[in-house]
Amino acid sequence: MRGLENYPAFGFAGWCLRGIGQVVFQNNPVSGAIILGALFFSSPVYGAISIFGVLVSTATAVVLKADRGMIRDGLFGFNGALVALALIAFTSEDFRHGAVPSVYLTVYIAFAAGMTTVVFASLAALLEPHKVAPLTMPFVLVGWLFLFAVLDLHNIDAGPLAKPVSPSQYDATIQYSLSTWYRGIGNAIGQIFFQDNWVSGYLIVAAIAVNSRISALMALAGANVAAFVAAVYGAPEGAISDGLFGYNAALTAIALGGFFLVLTLPAALYTLFGVVLSTWLWASVAIFLEPIGMPVLTSTFVIVTWLMLIGVRGFSALVPVTPAEAATAETNLAHHRQAARQNPE
Amino acid sequence: MRGLENYPAFGFAGWCLRGIGQVVFQNNPVSGAIILGALFFSSPVYGAISIFGVLVSTATAVVLKADRGMIRDGLFGFNGALVALALIAFTSEDFRHGAVPSVYLTVYIAFAAGMTTVVFASLAALLEPHKVAPLTMPFVLVGWLFLFAVLDLHNIDAGPLAKPVSPSQYDATIQYSLSTWYRGIGNAIGQIFFQDNWVSGYLIVAAIAVNSRISALMALAGANVAAFVAAVYGAPEGAISDGLFGYNAALTAIALGGFFLVLTLPAALYTLFGVVLSTWLWASVAIFLEPIGMPVLTSTFVIVTWLMLIGVRGFSALVPVTPAEAATAETNLAHHRQAARQNPE
Amino acid sequence: MRGLENYPAFGFAGWCLRGIGQVVFQNNPVSGAIILGALFFSSPVYGAISIFGVLVSTATAVVLKADRGMIRDGLFGFNGALVALALIAFTSEDFRHGAVPSVYLTVYIAFAAGMTTVVFASLAALLEPHKVAPLTMPFVLVGWLFLFAVLDLHNIDAGPLAKPVSPSQYDATIQYSLSTWYRGIGNAIGQIFFQDNWVSGYLIVAAIAVNSRISALMALAGANVAAFVAAVYGAPEGAISDGLFGYNAALTAIALGGFFLVLTLPAALYTLFGVVLSTWLWASVAIFLEPIGMPVLTSTFVIVTWLMLIGVRGFSALVPVTPAEAATAETNLAHHRQAARQNPE
């Protein structure tokens, strides 16, 4: 696949596939392709719109002459894909399958995807001194801004945000069952891409495993811990089963569990701490946003991960990896062990 | 006029006139004087309070011994003028003409204007590494804080914020007409200074043109694009005609269209992109603020312009100008052409 | 006491006592011990939970191998103590005395206290270039996040946030009396630690005076100015008497009045300005947070103090002290005078 990317047309396609993979930190076109398959399996509309989003935001970066290396790694693409998915998800009557967008909405999505590229560059500049990545914050910010405005633009038919976006919208009396768990885990991974389809969720785990087994394991572990903590603290069955407590936790687990921190024992405990925080604080952000009817998106993951990484150089028990150096959890660990062998303390 | 400013009294008056001009990026006392005329034409109360605001915030900077060059350029004045206008506008029963403030409210406004000077210095320090200006954010922050508190301070008679501050407060059934357009453009420029007076708006365009024809053109172009985009997306007639979609867009157009970016073709397209975003996102911020009844002020302009400028050094298709170097769109262009002649690529 | 801290067990206890003192900027174990006494005097539950909070957050810093000097000075402890107090205060039916937490809530509080340590390190990194301290922002952020989530975690019995958190919840017809004033001042100091007990408030002033008479004086002056300004602007009696307008103002007075600025005449006036702003803006933040039912905590103090200190290097009328150098208001003044003698201008 690497060889094909040297041909211009294949090259651009490869950058876009990596962009899809980067949503879950996988800089690998094969991972991106499998994820795309999982989206098409869940709904062709979602599959197509994610291609549109990643295409527009990557093309915007090319036109503005952004850093070539970052474009090639798909870093300007993943927020575009996510914002396109979100705008379909929250304007469609049928959240599960999504509706084909009108011309108005398509133009609107294109601007939103383009804006994620600009916001990515700005956040990267702001975070540069702290060696922390923008993560999915461009998507969250642009997503909120564009979702709000929809309500006032009468030529875009906004569905009534039919999807529950806060735990209080679920029935608190339903009992937990086995399916709460296996559907909940799959849905948590699926929700990262707005898919209410637990089979797609497990396909996405497989896509991650192609590039990094540690990250795939972390995604599952994060979703499991989230379901467990939410259940212990009495969260409604529907919110757990729909994966709402878990999608931020799964992302936090991948980010802290090996990708931006070398996976030592202290880092594993630090990751567990972050996963528990992400679980509780999803509910917190949901309640904060309830009066204005906005969804949490992946804001909890970004807030927790930023707060846990920005100050990490002050904690000598942990070994951070800069965004520029972070490749996979496995290579981070290998580099660290090699460095430790060369400079034994 | 430059000569007169060497005399202390005239000097301070000149700094204040430049302060009025700086609201629309014009470091020129004649522009400031014409704008002041436009305000007095619309309402003597608004004219007088803007003088009070610019005076207090500039004097605060003098007392605190801030940078002389920045004081002279009116940079500590424009946020003071705006916050004074806003506090009158949103506490008066009659938004159009404004009410003479009580002693309580006058003291309150003085503190608000003084605070903009402090916030300007802080934002300038925070943004310094990114070569981006605080813009009108000191006004927006202080304005929000001081407008909220008014509701609880019983000795200030807050009007019921009679002015619609969100598109949903307008009748959606009224048809667009010719006056929607020419009033809408004038009002959009007028709204920058809280004036519901389209004639004043065109006077302000003339004031800008005295110092920079490109900026005047950009203000008009920004307001026109905003009206067009809002109409295409089905915004209510009243919101367009009152200039609500346009005032942020006009400011974004001036800022990006030649002032902080050299006006090349890519910059013109980038500005168009920003203007469209400012139009849509005004509605977005309005809806976000609706539960607490707060006005958008110029927050959309600041957010869009910051996000589009902070990361701009990562886009080699664009040529940024630092706040310290930015004089007028015309001189930015001239310097760039001269530099290009001397160092042909 | 210094000698005792060299023994490990006493050392850790000393760091925790200093942590209690640091809430009001007093790096002194005796101050911490007296404050602890004031809390136990008001309610044993609050006394015990503040020890739990400071213990967990300080231990977290030790485990993560944070800077030893900062741990010793109690800087990782004070936010943990505050967040523990807040979580008891806002989940107890009886705000005044607080309820003994369940196991669920205790685990929850431990995570919150631990998170303040992480957030402290991150904010310290973000603010480092501006030589400004995180203040109580870690507590405010973590407090809000953990208070929101409580509403959705059914196994934590959240009281109905019985305590009024906004001036509009008080009866506006009650007349001011002498007790409005002396109770209001005491309660304002008490509210810093969530204590509705004016006697405890005066005990805390005594605790401050042990370490710095200027700071004790500033705390009283700040609370007095706040009560005066609130009364002049017609605030409800109950809000003044409960100390709600004053606790942020008192903290701002200590921070600006000698601790982070050398107490010259311009600094005293600047502090007065900040105290008035903190008084008004408490009402502002309260109204902003009302739709989601959240308390202001010490957010107003942090916002005003940050905005007034971040840009202060741009004002040559004031002499800032970096967080690393700030010891007590008295020593700051002595160092400044000594430096002035050695380098007369």
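It should be emphasised that the depicted structure is a prediction, and the values quoted were computed from it without experimental measurement.

A. Focus on the confidence of the model for chain A. All names here are of chain A. Averaged over all residues, the pLDDT of chain A equals 92, while 94% of them reach at least 70. Mean pLDDT across the secondary structure elements of chain A bottoms out at helix α1 (residues 8–22), with 90, and peaks at helix α3 (residues 44–63), with 98. Here the predicted complex carries an ipTM of 0.92, next to a pTM of 0.93.

B. Quick look at the interface of chain C and chain B. Every contact between the two is made by 31 residues of chain C and, on the other side, 31 residues of chain B. Counting the surface lost from both chain C and chain B, the interface buries some 2,800 Å², and carbon and sulfur atoms represent 78% of this. The tally of links between chain C and chain B comes to zero salt bridges. Linking chain C with chain B are seven residue pairs in polar contact (both at pLDDT 80 or more). Looking at the side of chain C that touches chain B, the elements that each hand over two or more residues are α10 (213–232), α13 (265–289) and α14 (299–310) of chain C. Looking at the side of chain C that touches chain B, the element that brings in the most residues is α13 of chain C, giving 11 residues.

C. Focus on the environment of Pro-29 of chain C. For Pro-29 of chain C, the position within the fold is in helix α2 (residues 29–42). Each C-alpha atom, one on Pro-29 of chain C and one on Cys-16 of chain C, is 8.0 Å from the other, the two residues being 13 residues apart in sequence.

D. Quick peek at the relation of the copies chain A and chain B. Of the transformation placing chain A onto chain B, the axial shift is 0.0 Å and the rotation is 120 degrees, giving an RMSD of 0.0 Å. Here the symmetry operator amounts to a three-fold rotation axis. Judged by C-alpha distance, Pro-291 of chain A is the residue of chain A that lies nearest the rotation axis, at 4.1 Å.

E. Focus on the packing of aromatic side chains. Throughout the structure, instances matching the rule amount to 66 aromatic pairs over all chains. An angle of 90 degrees between the planes, with centres 5.9 Å apart, marks the rings of Phe-90 of chain A and Phe-194 of chain A as edge-to-face. With Phe-90 of chain A in the loop between α5 (78–89) and α6 (103–127) and Phe-194 of chain A in the loop between α8 (178–191) and α9 (198–211), this pair connects stretches of sequence that are 104 residues apart. Here Phe-90 of chain A matches Phe-194 of chain A in class, with each residue buried. Look at Phe-146 of chain B and Trp-280 of chain C: their rings are 5.9 Å apart centre to centre, the planes differ by 70 degrees, and that puts the pair in the edge-to-face class. Of this pair, Phe-146 of chain B sits in helix α7 (residues 137–150) while Trp-280 of chain C sits in helix α13, placing the two residues on different chains. An aromatic cluster is defined as three or more aromatic residues linked by ring pairs; in this entry it consists of Tyr-104, Tyr-108, Phe-111 and Phe-146 of chain A together with Tyr-233, Phe-273 and Trp-280 of chain B.

F. Structural detail: the side chain of Ser-212 of chain A. Residue and element names in this part refer to chain A. The topology assignment puts Ser-212 in the loop between α9 and α10 (213–232). In this structure the side chain of Ser-212 is engaged in a polar contact, spanning 2.8 Å, whose partner is the side chain of Glu-330. Apart from residues lying up to four places away in sequence, Ser-212 is in contact with Gln-26, Thr-328, Ala-329 and Glu-330.

G. Up close: the pattern of salt bridges. Residues and elements named next belong to chain A. Under the defined criterion, the tally for this structure stands at three salt bridges over all chains. Between Lys-131 and Glu-128 there is a salt bridge, with the nearest N and O atoms lying 3.1 Å from each other. Classification of Glu-128 as partly exposed rests on a relative accessible area of 46%.

H. Seen up close, the environment of Ala-13 of chain B. Within the secondary structure, Ala-13 of chain B is located in helix α1 (residues 8–22). Taking the C-alpha atoms as reference points, Ala-13 of chain B and Tyr-176 of chain B, 163 residues apart in sequence, are found 43 Å from one another.

What counts and what doesn't
Residues numbered from 1 in each chain as written. Chains lettered and ligands numbered in written order. Predicted model: local features only at pLDDT ≥ 70, side-chain atom pairs only at ≥ 80, totals over all residues. Heavy atoms only, no water. pLDDT = per-residue confidence, 0-100. Helix = DSSP H or I, 4+ residues; strand = E, 2+ residues; numbered from the N terminus. Contact = heavy atoms within 4.5 Å. Buried area = accessible area lost by both parts, 1.4 Å probe. Salt bridge = Lys/Arg side-chain N within 4 Å of Asp/Glu carboxyl O. Polar contact = N/O pair within 3.5 Å; in protein donor to acceptor, adjacent residues only side chain to side chain. Least-squares fit on C-alpha atoms with pLDDT ≥ 70 in both. Phe/Tyr/Trp six-rings, centres within 6.5 Å; stacked < 30°, edge-to-face > 60°. Buried < 20%, exposed > 50% of the residue type's maximum accessible area, 1.4 Å probe, protein only.

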